[in-house]
Amino acid sequence: VTRANKLVIGNWKMNGSMESNHALLDGVLVGLEQAGCKAVVAVCSPFPYLAQVAGLLKGTAVSWGAQDVSAHGQGAYTGEVSAAMLSEFGCRWAIVGHSERRAMHQESAQLVADKAEAAATVGLTPVFCVGETLAEREADRVQSVIAAQLAPLFAKGDDLVARTVVAYEPVWAIGTGKTASPEQAQQVHGFIRAQLPASAKSIPLLYGGSVKPDNAATLFAMDDIDGGLIGGAALVAKDFVAIAAA
Ligand code: PEP
């Protein structure tokens, strides 16, 4: 996947039910069609719903993925889900290193890079999340924090980076209603682009953090913002469609 097309990915987090997923995806499919949406659109559901989501989205323009993946191939890893399993359910994407997992599940930068590699090995595209906390921003450490999050990914080689999507999600903007300004986001996206190896310069860089229908267009208009990773607004069909159409 390259930045030639805008990319909008919904992250449902731990939300949904068989009934609500069905209604949401029906609404998204109809809405995208009516809007004549040109963006590449995907949703990342909780693991147990992947079969349902696959059934509802197969043959449509919307692809799907998971919100996490194990770094391991198989074996005695209770509770983990492998990339090969996701692949069997038709997943195209696997989010790795979401800040909620880095913070609540103590995921290290190295583990996140290992997960990205595991995903890419079976042909999934890792959606590699990075972002600073408010304290880190206030201490002027945005670039060093993001560089440290990216370093173990870069250490795995340019080929992997070229097959990755990076999502910049400032932790202070996630689920808070506080969006980074387009200029703040662009500044970090420009920094990330500059760090990418030459062969991976055209990977998509997504912005995430309280993207809503009313701020999506100005964010997506910035030079190095190639789309969005959408949390809360991805649970409301008309909002998600409006963001994708923007
Ligand atoms: C996210 O968690 O990936 C996210 C961007 O959430 P929200 O849009 O709700 O801030």
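Residues numbered from 1 in each chain as written. Predicted model: local features only at pLDDT ≥ 70, side-chain atom pairs only at ≥ 80, totals over all residues.

A. Focus on the UniProt feature "active site" (unreviewed entry) in the chain. UniProt annotation of "active site" (unreviewed entry) refers to H98 and E169 when read in the numbering used here. Spanning 72 residues, the annotated positions come together in the fold, the maximum distance between their C-alpha atoms being 8.3 Å. Positionally, H98 belongs in the loop between β4 (93–96) and α4 (99–104). For H98, a count of 27 C-beta atoms within 10 Å translates into the label buried. Setting aside chain neighbours within four positions, we find H98 in contact with Q67 and C129. Within the element layout of this structure, E169 appears in the loop between β6 (165–168) and α9 (182–195). (UniProt positions renumbered as here; feature names shortened; annotations may be inferred. Helix = DSSP H or I, 4+ residues; strand = E, 2+ residues; numbered from the N terminus. Buried ≥ 20, exposed ≤ 12 C-beta atoms within 10 Å, placed from the backbone. Contact = placed C-beta atoms within 7 Å.)

B. Spatial organisation of the site of the ligand. Taken together, 13 residues lie near the ligand, and N11, I174, G208, G231 and G232 sit nearest. Here the shell around the ligand is built from residues that sort into five nonpolar, seven polar and one charged. (Near = placed C-beta within 6 Å. Nonpolar A, V, L, I, M, F, W, Y, C, P; charged D, E, K, R; others polar.)

C. Representation of the pairing of strand β1 (residues 7–11) within the structure. Within β1, five of the five residues are buried, which leaves the element mostly enclosed by the surrounding structure. A two-sided burial pattern is seen for β1, the buried positions comprising L7, I9 and N11 on one face and V8 and G10 on the other. As for the winding sense of the linkage, the β-α-β connection from β1 through helix α1 (residues 18–35) to strand β2 (residues 40–45) is right-handed. Taken together, the four bridges between β1 and strand β8 (residues 227–230) define a ladder with parallel strand orientation. Each residue of the ladder has a partner; that of V8, found in β8, is G228. (Right-handed = clockwise from strand over helix to strand, strands pointing away. Pairing = 2+ DSSP bridges.)

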